[in-house]
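# Examining the three-dimensional arrangement
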Amino acid sequence: MKITTARRISQAFFLALFLWFCVVATVGERLWQLRGWPVNWFLELDPLTGLTTLIAGGSLYSGLLWGAATLALTLLLGRFFCGWVCPFGAMHHFIGWLGNHSKDPKERARRNAPHPAQQIKYFLLAFFLGAAASDLAARLLLGQGAAFAAGAIAIALVLAATRKGQGRDFYFIAVGVLLALWAVWSMAAPRGGASLLAGLLDPIPLASRSVNLALLPLADMPLRIAWPEPRFYQGAAMIGAIFLAFLLLNLWRPRFFCRYVCPTGALFGLLARFSLYKVGKREARCGGCMDCEALCEGACRPAGRLRPQECVLCLNCLSECPESAITYRPKPSAAGEVAPDLSRRRVLAGLGVGLAAPPLLGLGGLLGPNWDPRLIRPPGSLPEGEFLRRCLRCGQCMRVCPTGVLQPAGPSFGLEALWTPVLNNTIGTSGCQPRCVACSHICPSAAIRPISLAEKLGQGEYAAQGPIRLGTAFVDRGRCLPWAMDRPCIVCQENCPVSPKAIFTRVAYQTVISGLSAGEAGGGELAVSGRALRPGALATGDYYLVAGEVRARIRANTNAALSLEPGPGWHTPTPGSPVAVQVRLQRPYVDPARCIGCGICQHECPVSGKRAIRVSAENATREPRHSLLLKGAGPH
C-alpha cells in the first residue's frame, strides 16, 4: 500500500470518527447516543486547548493531558496530527484537492509555493498565548508554578523563532521592556485578567462548534434523528458562514486555514523544526521535475530548502517523486532547511496585543459593575472570571443539552464571551430541566464543573446549601396578562417545577363590565340591562357578578341574561339595582428564596416575543456577590 493511501485512510477514519462523536453527543442510551462514547477526544488531543487552559486557568483538566502526548509525538514524527488526524485538516485537504486537481502542474506548484502570509498563524498564536498569559506573573504569587512555567516556555518558544538579523540589541531591549511592563502590571493587579480566546480559531473547537451548532441542525431538520424537533441556535448563520468561508478558501489556496490561520498548526510548526523524523531530499540535487512542489499540501518547498515547520506530512512528495529523491528519516534534508522566518516586530506586536487584550476587554466592566444579567450560565458553571479562563467555545454543552436552552452568546455580550454557552429560555423546547446535568459532564475543560443530580437539586449532603440557582425570574407587570390586561393566566405558576413552588399567586377581583342593572330573576338566571353582553364570553368560570360586596360565579350568559352559581351570602339583587361583572385574577409573584432560575416559566409564558416573566442572572449560586437576599432574611 502506498503511504499516501494509508494517509487517506487515516484521514477518512478520523474525520468519520469526529463526525460520529458529534452525532452521538445526544442524551440517551442507544448505540448512536451518548452512552460512554469519548466525544471530547479530539478536543483533548488538541494541545493548544490544554496549553491555553493551563496558562489561563492555572490548572489542567485531566482529559486535556492527551495534548501532551500529541506534542511528544510531534517532536518525534513532525506535524503528523495536521496531516493524518485533524478532521478539520482533512476537510481542507479534500476541498483543496477539488480546486487543484484540474490545474496543470505549474499552476499547482505556483499555488503551493511558500508565501510570507504563512507567518500570520504564528502571530495569531502569539496573540492567543498573550491573552491567556495576561496575568501570568501573578501566578507565582498564587502558587501556580505549572501554569507559569507552561506560559513562559510557550512564549519563549515563539520569541525564539523570530528572525535573526540586524537590530538585535534593540530587539532584546524591546522584549525586555515589554516583559517588564507586563510583569509589573500583572503583579500589581493579580488575577486582573486573562482570557481563553484561542477557541475562536483553534481548529478543533472551531470545527466542533460549527458542526454541532450549524451543520448538524441543518442536516437533521428533515430527518429528525438527533432531535425530535428542529433545533435552532442563535448566531448559527455566522458560525456556519465562517466555517464555510474557511473551507471555500481552499479553492484559492490548498489548506488555506492550515497555512495561514491555524494557531495550533503554528504551535506544531515551532516544535516540528526540532522533530526527529523529517521529510527531506536524499541528495542536494535532483532532476527538478517539481512534481513534489505541485503536490505539496503544506507549502514547505520539498524541492528546495525544506521548511519543516510547514510540512504537514501529507507525504505526496515522497510517494510521487519519480526519482525517489524524497525520503522520511531522522536526518535533515540534504538540500538544507529553513527555520521559521518570523518578523520580530510582528511577533512582539501579536504578543503585546494579546497581553493587553484581557485588560482592555475588562475595561467594559463585564466582570465588575457592568456585569450582564443576561449571561445566565449552565448549572455548575464557575464564576464568570474563571469561566472565561476555561471555556473553549467548543459547543459541546449546547449540543448535548436535551432542550436546546443552551445557546452560543452573540457579539452583544463582548468578544470575551463570544460563542460561550448562555441560557436562552425562549428558543428551545423548554428551560433548563431540573433533573438534567448533561452539560456539566461533557464540558472538556471543566468551565462547567461536573455536578451530581443531588447537588443540583440540593438534596442529601447538599441539603444545607440548597439547590443550584441559575438566576431569578422577574414578572414584567407591564406585559403580564393578569397584571396588565385583566386576563386570567397562571401558566408560569402551574409550570414552576420547584416544590414548594417559587411562583405563587394572590387573588384580585377586577371590574371589567360596569353600568349594568339587574332585571327579573328566575330559574337560576338573572336578566341584566344597560349593555349587551357577548354570548358565552363570561362562561369560563373566571367571571363573577357582583352586587354590593357579594359575588356569584357566572356559569353561562346570553346577550342579556346570566346563569349564576350563588356563593355564600348571595342575595338576588332587586330589579333596577346596579350590578357589575368582575374577573377573578391570580396575579403571579416570585419568591427569590425558592426560584432556581430554570427558565421553564419564561419558556411557557403565553406572551410570545418578549416574555412577561423573564429570568436574569441575579441571585445565581456561582456569583454570591450578585445575591438578592441577605442570608436568613425574609419570611420563608
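I will try to describe carefully the structure that is included in this document. (Residues numbered from 1 in each chain as written. Predicted model: local features only at pLDDT ≥ 70, side-chain atom pairs only at ≥ 80, totals over all residues. Heavy atoms only, no water.)

### Focus: the overall build of the chain
For the chain, the helix and strand inventory stands at 25 helices and 12 strands. Whereas a compact globule of 636 residues would reach a radius of gyration of roughly 26 Å, the chain reaches 32 Å, over 25% beyond that. With respect to the three principal axes, the spread of C-alpha positions in the chain is 120 × 55 × 40 Å. Out of the 636 residues belonging to the chain, those deemed buried represent 53%. (Helix = DSSP H or I, 4+ residues; strand = E, 2+ residues; numbered from the N terminus. Rg over C-alpha atoms; globule rule 2.2 N^0.38 Å. Buried < 20%, exposed > 50% of the residue type's maximum accessible area, 1.4 Å probe, protein only.)

### A short note on the packing of aromatic side chains
Aromatic ring pairs are described here by two measures, namely the spacing of the ring centres and the angle between the planes. Tallied over the full model, the rule gives 21 aromatic pairs. When the ring of Trp20 is compared with that of Trp37, the centres are 5.6 Å apart and the planes differ by 85 degrees; the resulting orientation is edge-to-face. Residue Trp20 is found in helix H1 (residues 3-24), and its partner Trp37 is found in the loop between H1 and helix H2 (41-45); the two are separated by 17 residues along the sequence. Both rings, one in Tyr509 and one in Tyr544, keep their centres 5.5 Å apart while their planes meet at 90 degrees; by these two values the pair is edge-to-face. Taken together, the positions of Tyr509 in strand E6 (residues 503-522) and Tyr544 in strand E8 (residues 543-547) put the pair 35 residues apart, joining distant regions of the chain. Taken together, the aromatic side chains of Phe13, Phe14, Phe18, Trp20, Phe21, Trp37, Trp41, Phe42 and Trp66 make up a single cluster linked through ring pairs. Positioned over the ring face of Trp483 is Arg477, at 3.8 Å from the centre of the ring. Just above the ring of Tyr509 sits the side chain of Arg551; from NZ or CZ to the centre is 3.8 Å. (Phe/Tyr/Trp six-rings, centres within 6.5 Å; stacked < 30°, edge-to-face > 60°. Lys NZ or Arg CZ within 6 Å of the ring centre and 35° of its normal.)

### Regarding the pairing of strand E1 (residues 278-281)
Residue alternation in E1 divides its side chains into two sets, Lys278 and Gly280 and Val279 and Lys281, and both sets are buried. In the sheet, E1 pairs with strand E2 (residues 326-329) via 4 bridges, with the strands oriented antiparallel. Within the sheet, the bridge partner assigned to Lys281 lies in E2 and is Ile326. (Pairing = 2+ DSSP bridges.)

### Description of the side chain of Arg259
Summarising the element assignment, Arg259 is placed in helix H14 (residues 256-261). For the buried Arg259, no salt bridge exists, and the shortest N-O distance to an oppositely charged side chain is 5.4 Å, to Glu297. There is a polar contact of 2.7 Å between the side chain of Arg259 and the side chain of Asn112. A polar side-chain atom of Arg259 sits 3.2 Å from the main-chain carbonyl oxygen of Glu297. (Lys, Arg positive; Asp, Glu negative; His and termini not counted. Salt bridge = Lys/Arg side-chain N within 4 Å of Asp/Glu carboxyl O. Polar contact = N/O pair within 3.5 Å; in protein donor to acceptor, adjacent residues only side chain to side chain.)

### Considering the packing of helix H8 (residues 120-132) against helix H18 (residues 344-362)
Across the interface, H8 lies against H18 with an axial gap of 7 Å and an inter-helix angle of 30 degrees. In terms of axis orientation, H8 runs roughly parallel to H18. Crossing handedness for the pair H8 and H18: right-handed. Taken together, the residues of H18 that come into contact with H8 (itself represented by Phe123, Ala126, Phe127, Gly130 and Ala131) are Arg346, Val347, Gly350, Leu351, Val353, Gly354, Leu355, Ala357 and Pro358. Grouping the constituent residues of the contact of H8 with H18 by class yields 10 nonpolar, 3 polar and 1 charged. (Axes fitted to C-alpha atoms, helices over the stretch in contact; angles between N-to-C directions. Parallel < 35°, antiparallel > 145°, perpendicular 65-115°, else oblique. Left-handed = near helix turned anticlockwise from the far one by under 90°. Contact = heavy atoms within 4.5 Å. Nonpolar A, V, L, I, M, F, W, Y, C, P; charged D, E, K, R; others polar.)

### Side note on the pattern of salt bridges
Scanning the model with the defined rule gives 16 salt bridges in all. The partner of Arg110 in a salt bridge is Glu107, with the nearest N and O atoms 2.7 Å apart. One end of the pair is Arg110 and the other is Glu107, both in helix H7 (residues 105-111) and 3 residues apart, which spans about a single turn. For Asp135, the salt bridge is made with Arg389, and the minimal N-O distance between the two is 2.9 Å. With a gap of 254 residues between them, Asp135 in the loop between H8 and helix H9 (137-141) and Arg389 in helix H19 (residues 384-390) connect regions that are remote in the sequence.

### A short note on the packing of helix H3 (residues 47-57) against helix H10 (residues 145-160)
Where H3 contacts H10, the two axes come as close as 8 Å, and the packing angle between them is 125 degrees. Here H3 lies oblique to H10, going by the angle between them. Of the two elements, H3 crosses H10, and the hand of that crossing is left-handed. Contacts from Leu51, Leu54 and Ile55 of H3 reach H10 at Ala146, Ala147, Ala150, Gly151 and Ala154. Split into classes, the residues belonging to the contact of H3 with H10 amount to 7 nonpolar, 1 polar and no charged.

### Side note on unusual backbone geometry
Here the bond from Ser499 into Pro500 is cis, since omega is -10 degrees, no more than 30 degrees from zero. Along the chain, Pro500 turns up in the loop between helix H24 (491-495) and E6. With a phi angle near 60 degrees, Arg393 is a residue other than glycine that sits in the positive phi range.

### Remarks on the sheet that holds strand E10 (residues 561-566)
Judged by pairing direction, the barrel is antiparallel, and its 6 strands sit side by side in the order E6-E7-E10-E9-E8-E11 before closing back on the first. Neighbour-to-neighbour, the strand axes of this sheet turn through a mean angle of 45 degrees, independent of strand direction. In this sheet, E10 lies alongside strand E9 (residues 550-557) in antiparallel orientation, the contact comprising 5 bridges. Among the inter-strand pairings, Arg553 is bridged to a residue of E10, identified as Glu565.

### Regarding H3
For H3, a buried count of 11 out of 11 residues is recorded, marking the element as mostly surrounded by other parts of the structure. For H3, every residue scored as buried is listed here: Pro47, Leu48, Thr49, Gly50, Leu51, Thr52, Thr53, Leu54, Ile55, Ala56 and Gly57. At the N-terminal end of H3, a side-chain oxygen is found 3.0 Å from the backbone nitrogen of Leu48, two or three residues along, and the residue is Asp46. Remark: Gly58 follows H3 within two positions and exhibits a positive phi of approximately 85 degrees.

### Some points on helix H15 (residues 263-272)
With respect to burial, H15 is a largely interior element, 10 of its 10 residues being buried. Those residues of H15 not exposed but buried are Pro263, Thr264, Gly265, Ala266, Leu267, Phe268, Gly269, Leu270, Leu271 and Ala272.

### Considering a nonpolar patch on the surface
A grouping of Phe94, Trp97, Leu98, Leu215, Leu244, Leu248 and Leu251 is seen on the molecular surface, where their side chains present a nonpolar patch of about 660 Å² in accessible area. Listed by contribution, the elements that provide at least two residues to the nonpolar patch are helix H6 (87-100) and helix H13 (236-248). Relative to the elements of secondary structure, Leu251 occurs in the loop between H13 and H14. (Patch = residues over 30% accessible without salt bridge, like charges linked within 9 Å, V, L, I, M, F, W, Y side chains within 5 Å. Areas by Shrake-Rupley, 256 points an atom, 1.4 Å probe, with all protein chains shown as cover.)

### Points about the environment of Cys292
Considering the arrangement of structural elements, one finds Cys292 in helix H16 (residues 291-295). A residue is classified by how much of its surface remains accessible, and Cys292, at 11% relative accessible area, is buried. For the pair formed by Cys292 and Ala438, sequence separation is 146 residues and the distance between their alpha carbons is 49 Å. When near neighbours in sequence (up to four residues on either side) are disregarded, Cys292 contacts Pro302, Ala303 and Cys317.

### Description of the state of the cysteines
Summed over all chains, the structure comprises 0 disulfides. In this structure Cys595 is not part of a disulfide, and its nearest cysteine sulfur, from Cys601, lies 6.2 Å away. (Disulfide = S-S within 2.5 Å.)

### Here we look at the side chain of Arg399
Considering the arrangement of structural elements, one finds Arg399 in helix H20 (residues 396-400). Leave out the neighbours within four places in its chain, and Arg399 touches Cys22, Val23, Ala25, Thr26, Asn212, Leu216, Ala226, Trp227, Arg231 and Tyr233.

### Notes on the environment of Leu76
Structurally, the position occupied by Leu76 is in helix H4 (residues 66-77). For Leu76, a relative accessible area of 35% gives the class partly exposed. In this structure, the C-alpha to C-alpha distance between Leu76 and Arg305, residues 229 residues apart in sequence, is 21 Å. Excluding anything up to four places from it in sequence, Leu76 contacts Ser275, Leu276 and Tyr277.

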